[in-house]
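Residue-level listing of the chains:
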Amino acid sequence: MIHSARRTWFERCACCPPASLSRRAFVAGGAASLAAGAFAASGLEAAAQARPHRIDVHHHISPPTWIDAVRKANLANAPMSNWSPQKSLDDMDKAGVATVIASPTTPQVKFLDRDTAARITRESNDYARTLGVDHPGRFRMFGMVPLPHIDATLTEIEYALDTLKADGISMLTSYGDKWLGHPDFAPVMDELNRRKAVVYTHPTTASCCVDLVRDVQESVVEFGTDTSRAIASLVFSGTSRRCPDIRFIFSHGGGTLPFLSERFVRLPQINKNVAPRVPNGVEYELKRFYYDTAQAAHPMALASLTKLVPSSQILFGTDYPYRTAIDHVKGLTAYGFSASDLAAIDRENALRLMPRLKGHA
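Counting restarts for each chain, with residues numbered from 1 along the sequence as it is written. Given that the model is predicted, a residue must reach a pLDDT of at least 70 before its local features are reported, and side-chain atom pairs must reach 80 or more before they are shown or counted; all residues, however, enter totals for whole chains, interfaces and linings. Derived side-chain values reflect all non-hydrogen atoms in the structure, with water molecules and hydrogen atoms excluded from consideration.

## Looking at the overall build of the protein
- Under the DSSP-based scheme used, a helix requires at least four consecutive residues in state H or I and a strand at least two consecutive residues in state E, with every element numbered from the N terminus. Secondary structure assignment for the protein yields 14 helices and eleven strands.
- Taken over 361 residues, the protein has a buried fraction of 48%.
- Per-residue accessibility takes into account occlusion by the displayed protein chains alone, with areas from the Shrake-Rupley method and a 1.4 Å probe. Put simply, the protein shows about 16,600 Å² of open surface, and 55% of that area lies on carbon and sulfur atoms. Each residue is assigned to one of three classes by its accessible area relative to the maximum for its type, calculated with a 1.4 Å probe on protein chains only: buried under 20%, partly exposed between the two thresholds, exposed over 50%.

Pasting the structure below:
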């Protein structure tokens, strides 16, 4: 049952003037150029704020009991610890974001025992739903699940989707040394397929790969890599073929996958055991997934991603509070997408993927 009270839920060098140009004219021209640049920048921000319409599918929140547990385990960082609903709203308003679909970031609850993980997950999902009640149209949710605990996860899927009316399920790319196509997770994937669920995935650091390079945070290398491992696990285990009705969203433009896609496509030629699990071909599977723009709204990532998939498979995401929404608006605008492609990425693709958002975002 959904409660409505907060209490319950939780060339030339361009800088050198030509000889015929006086210093005064040069300075005046430079000032004019600077002013024009400032106007363009302020104009972009004004346009971003004028009509909130964007839907951010990669936006993190810190439910109270969850962040307490993360702190106690010495796994917290400053952005997650300092988060608040008002900070989210302020960031959204600066960038024309109408709605976020929120979820806690890694480690979610993978570090907790079964019963504690189940309890913290339930309390966190209730809190996320309360945010939506308190701020109609601004906060939506992906329901977190207490993987790797299968029975508790199946229970929470039912509660999140049926009772809380979550827009999908949130899970990490791996748990210990198991990625999402692992046979242990088959009951979960089968249930999500039965429900035709949206599944948003967030990278984490696998047990194999903690503190590998001194002074380099795991998010710099391992997150993109773990997303690629998860995709490989789902595709080459046959899970994505077996569960065609799950709509997967992969974070950060698919991590390193777009760059590695040729290696993925060639694997069935090298390993004949894999070929029967991808009867439609690897590229078919990769092109039907969705990929968000969080920390990937720059030319290097977008050039590769947009060669792999059409704009219809790209969703606006920001990774707030680790990055800002306006960062991503600027990056996507500067990349040179057509107006129609940008509109699709900002909003329309999310509405098509999650029709329930219509009228609420």
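Next comes the rest of the description.
## Some points on the packing of aromatic side chains
- Planes of paired rings set the category: under 30 degrees apart is stacked, over 60 is edge-to-face and the rest tilted, where pairs are Phe, Tyr or Trp rings (Trp by its six-membered ring) whose centres lie within 6.5 Å. Summed over the entire model, instances satisfying the criterion amount to nine aromatic pairs.
- Between F250 and Y291 the ring centres are 6.2 Å apart and the planes differ by 35°, which places this aromatic pair in the tilted class. Of this pair, F250 sits in strand β9 (residues 247-250) while Y291 sits in strand β10 (residues 290-292), and the two are 41 residues apart along the sequence. This pair shows no difference in class: F250 is buried, exactly as Y291 is.
- An aromatic cluster is built from F248, F250, F289 and Y291, whose rings are joined through pairwise contacts.
- By definition, being over a ring means that NZ of Lys or CZ of Arg is both within 6 Å of the ring centre and within 35 degrees of the ring normal. Just above the ring of Y159 sits the side chain of R122; from NZ or CZ to the centre is 3.6 Å.

## Side note on the layout of surface pockets
- Computed over the protein atoms alone on a 1 Å grid, cavities are sets of points where a 1.4 Å probe fits but cannot get out and pockets are open sets with protein on both sides within 12 Å along at least five of seven lines; a residue lines them when it has an atom within 4 Å of a point. Grid points are joined across faces, edges and corners, and a volume is the space filled by probe spheres set on the points. The calculated volume of the largest pocket comes to roughly 1,100 Å³.
- As for the largest pocket, its lining consists of 36 residues, of which Q217, E218, S219, V220 and F223 are closest to the centre.
- Put simply, the parts of the chain that give the lining of the largest pocket at least two residues each are α8 (218-236), α10 (257-270) and α12 (299-308).
- Sort the elements by how many residues they give to the lining of the largest pocket and α8 lands first, with six residues.

## Here's the deal with the sheet that holds strand β3 (residues 139-141)
- By the convention used here, strands pair only if DSSP detects at least 2 bridges between them. Across the sheet, three strands lie side by side as β1-β2-β3; this open sheet has parallel pairing. The open sheet is flanked by β1 (54-60) and β3, the only strands paired with a single partner. Adjacent strand axes in the sheet meet at a mean angle of 30° when their direction is disregarded.
- Bridging between β1 and strand β2 (residues 97-103) involves five bridges; their strand directions are parallel. From the neighbouring strand, R54 faces β2, where its bridge partner is V97. A fitted line through C-alpha atoms serves as each axis, taken over the contacting stretch for helices, and the angle formed by two N-to-C directions is quoted from 0 to 180°.

## Things to note about the sheet that holds strand β5 (residues 169-172)
- The six strands are arranged β4-β5-β8-β9-β10-β11 in an open sheet whose pairing can be described as parallel. The sheet is open, and its two edges are formed by β4 (143-144) and β11 (314-315), each paired on a single side.
- Sheet analysis places β5 next to strand β8 (residues 198-202), joined by four bridges and oriented parallel. Note that in β8 the partner of M171 across the bridge is T201.
- Contacts from helix α7 (residues 186-194) reach β5, β8 and β9 within the one sheet, and its direction differs from that of β5 by about 155°. In this description, contact between two residues means that some pair of their heavy atoms is separated by no more than 4.5 Å.

## Focus: the confidence of the model for the protein
- Residues of the protein with pLDDT of at least 70 account for 86%, and the chain-wide mean is 89.
- With pLDDT under 50 throughout, residues 1-40 is counted as low confidence; its partners more than four residues away or in other chains account for 33 contacts. Confidence scores here are pLDDT values: one per residue, from the predictor, ranging 0 to 100.

## Here's the deal with α10
- In this analysis, the expected span of each helix is defined as 1.5 Å times one less than the number of residues it contains. Helix length check: α10, at 14 residues, gives a terminal C-alpha distance of 18 Å against a target of 20 Å (1.5 Å per residue), a fit within 8%.
- Listed as buried for α10 are L257, P258, S261, F264 and P268.
- Where α10 is buried, its residues meet α8, α11 (282-288), β10 and α12.

## Here's the deal with the pairing of β9
- For β8 and β9, the ladder comprises four bridges, and the chain directions are parallel. Bridged to V199 within β9 is F248.
- Where β9 meets β10, two bridges bridge the pair, whose relative direction is parallel. Looking across to β10, one finds that I249 is bridged to Y290.

## A look at helix α6 (residues 150-163)
- For α6, built from 14 residues, the straight-helix expectation of 20 Å at 1.5 Å per residue is met to within 8% by its first-to-last C-alpha distance of 19 Å.
- Listing the buried residues of α6 in full gives A152, T153, E156, I157, Y159, A160 and L161.
- Of the residues flanking the end of α6, it is K165, one or two places downstream, whose phi is positive at about 60°.

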